[in-house]
Amino acid sequence: MHMEVLFAQSQAVELGWGAVTANLGVAAILGWYLWYTQTVSFPRLSEYHLQRLDSICANHDKALQEAISEFSQVMREERTVHREELEIIRQTLLVKQER
């Protein structure tokens, strides 16, 4: 019987102004937090990430262009060396044919 009285008392909790005010305060804080994160925090964070991404892409593009330029220069030099070697071989063959 004693347990039934305690259970009945716990079910008959009245909401006073303090509870209402506390609930409204929590709702207001939650509303402010959601507003702040959506309108201030996330856009700042997104802008920062976009700037970093642009910086990384610019550095990557620069490094890629340098690598391509260096590779092209090496290929040009190798072609020049091979042409010179072929010319030497051609001259050697012409001299041998003349004898």
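Described in the following lines is the structure provided in the data block.

Parameters and conventions
- Residues numbered from 1 in each chain as written.
- Predicted model: local features only at pLDDT ≥ 70, side-chain atom pairs only at ≥ 80, totals over all residues.
- Heavy atoms only, no water.
- Phe/Tyr/Trp six-rings, centres within 6.5 Å; stacked < 30°, edge-to-face > 60°.
- Helix = DSSP H or I, 4+ residues; strand = E, 2+ residues; numbered from the N terminus.
- Buried < 20%, exposed > 50% of the residue type's maximum accessible area, 1.4 Å probe, protein only.

Side note on the packing of aromatic side chains
- One pass over the full model with this rule turns up two aromatic pairs.
- Ring geometry for Trp32 versus Tyr36: centroids 5.2 Å apart, planes at 15 degrees, classification stacked. Highlighted residues: Trp32 and Tyr36, both in helix α2 (residues 17–98), separated by four residues, approximately one helical turn.
- Measuring from centroid to centroid gives 6.5 Å for Trp35 and Tyr36, while their planes differ by 50 degrees, and the two rings are tilted.
- Taking relative accessible area as the criterion, Tyr36 reaches 29% and is therefore assigned partly exposed.
- Among the aromatic residues, ring-to-ring pairing joins Trp32, Trp35 and Tyr36 into one connected group.

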